[in-house]
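Residue-level listing of the chains:
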Amino acid sequence: MGKKVHQSSRRAFMRNSLGALAAFTIVPRHVLGRGYLAPSDTLTKAVVGTGGMGRGHFGYAGTRVVAICDVDKSHIQKGLNALPNGGKGVKTFADYRELIQLPEVDIVHVATPPHWHGIIAADAARAGKDVWCEKPMTATIGEGKRLVEAVQQHGRIFRLNTWFRFSDRFYGMGTTVEPIKKLVESGLLGWPLKVTISKHTGFDWKFYWVGKTNLEPQAVPKELDYDMWLGPAPYKPYNVHRVHSTFRGYWDYDGGGLGDMGQHYIDPVQYFLGKDDTSPVKVEVDAPQQHSDAVGTWRKITYTYADGCQIVLDGAGTETKAAYIEGPKGKLYPGFKSDIPDLEKKLAQFPDPAPQVTDFVEAVKKRQKFALNEENGHRSATIVNMGKIALQLGRNLEFDPVKQEFVNDEGANRLIFQPMRGPWTI
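Bear in mind that the values here come from a model prediction, so they are computed numbers and not experimental data.

A. Just the packing of aromatic side chains, in detail. Under the counting rule described, the total for this entry stands at 28 aromatic pairs. Ring centres of Phe-164 and Phe-170 lie 5.9 Å apart, and the angle between their planes is 45°; on these two criteria the pair is classed as tilted. A relative accessible area of 0% means that Phe-170 is categorised as buried. Ring geometry for Phe-203 against Tyr-324: centres 5.5 Å apart, planes inclined by 25°, an arrangement best described as stacked. Placement of Phe-203 in the loop between β7 (194-198) and α9 (226-230) and of Tyr-324 in the loop between β10 (310-314) and β11 (325-327) is noted, with a sequence separation of 121 residues between them. On the basis of relative accessible area, Phe-203 is assigned to the buried category, the value being 1%.

B. Focus on the sheet that holds strand β6 (residues 158-160). Spatially, six strands are ordered β3-β2-β1-β4-β5-β6 in an open sheet, and the strand pairing comes out parallel. The open sheet has two free edges, formed respectively by β3 (91-93) and β6, since each of these has just one partner strand. Each neighbouring strand pair of the sheet contributes to a mean axis angle of 25°, computed without reference to strand direction. Looking at chain direction, strand β2 (residues 63-69) and β3 are connected through three bridges and run parallel.

C. Spotlight on the nonpolar core. In terms of nonpolar packing, the biggest core is built from 57 residues, with Tyr-96, Leu-99, Val-108, Phe-158, Tyr-226, Trp-229 and Tyr-253 touching the most fellow members. Discounting residues that sit within four places of it in the chain, Tyr-96 has contacts with Val-48, Cys-69, Trp-116, Ile-119, Ile-120, Asp-123, Met-228 and Trp-424. With 52 residues, the next largest nonpolar core counts Phe-170, Leu-193, Val-195 and Tyr-265 among its residues.

Analysis parameters
Residues numbered from 1 in each chain as written. Predicted model: local features only at pLDDT ≥ 70, side-chain atom pairs only at ≥ 80, totals over all residues. Heavy atoms only, no water. Phe/Tyr/Trp six-rings, centres within 6.5 Å; stacked < 30°, edge-to-face > 60°. Buried < 20%, exposed > 50% of the residue type's maximum accessible area, 1.4 Å probe, protein only. Helix = DSSP H or I, 4+ residues; strand = E, 2+ residues; numbered from the N terminus. Pairing = 2+ DSSP bridges. Axes fitted to C-alpha atoms, helices over the stretch in contact; angles between N-to-C directions. Core = buried A, V, L, I, M, F, W, Y, C linked by side-chain atoms within 4.5 Å. Contact = heavy atoms within 4.5 Å.

And the structure:
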């Protein structure tokens, strides 16, 4: 009996001692194993694409850059120069496939042109990395579906890098999105709602992102691996206007101002309309015939949901007096102005929107789904990509949100996946 008491006391002592020790000790990551981080740990990050966007995210709080990758040697050097101590100790790569195999990397930040987003993000997820991806999430609807599958099958945490659904002043609205969400949920505007996104409601469609139709072949700069830059995109002779800062003007890599700003502008609308798990059933376009290579401008793109809600992208700026949100009971204008008397007083009687997980570092450590993740990010990217397909084909389209394919339109469905040059697949 005495021996049993002695063993029990010894076990209790050990438990108490280890508990006290854990309270004052930072547990090394290699002890915990991958996926089990000490709360005090700084996450390690690798950045693929070290142009202006990639370099701009080197210093995100709670993370430390340990590797960078770019197909342009001059971008690699700029990346190193932008890091502390000239990037001493930071590994550099020309091929992301080598980078994602590094065991010391927790997060892969994808800051390439959009035609690479889906492939790199999915490969990183399959390699056991959590992913921070620039917008638009993917260049096609099909790539988005495959990326969602990869993230979820491999239990990864994903963040899309547009933040207006949970922080910052939302362009011309003069407020964060939270009070707009609260207003919509209150029912004070009625239902269904029409949202107009235009320069008159505070949103610039950046039509300077248009392509050129008369590009002359040029010599590829010696520092650029142009074949790798193209990756899955069709081969086109090199011209400086195709790459780096002006790539958005070409369908092979992006979608002009719609590709650049669409997810910034539309994702918060999807959020406050409560459409995170669905898509519009129709897209209508009013635009000049688009060039097969170079992105042009458009006058209007209208999306309609099954319940009658609409998102109108007014590129021509013809609806000069349009409200940002219009419902059967009231309107909301830029600056959070409304035709509803005493709006703020009435709104104060309603509950605030449900809280969101908005700290990506904490989401990774605690394995929590981030506010803007692979699922709702894919849905807002799909809205952008529906518009791109309708513009390219020059016709209105119907869409099945469940099957995520176009209705009775073989030509449109062929564009759900953009053909990829070998050996690239997703």
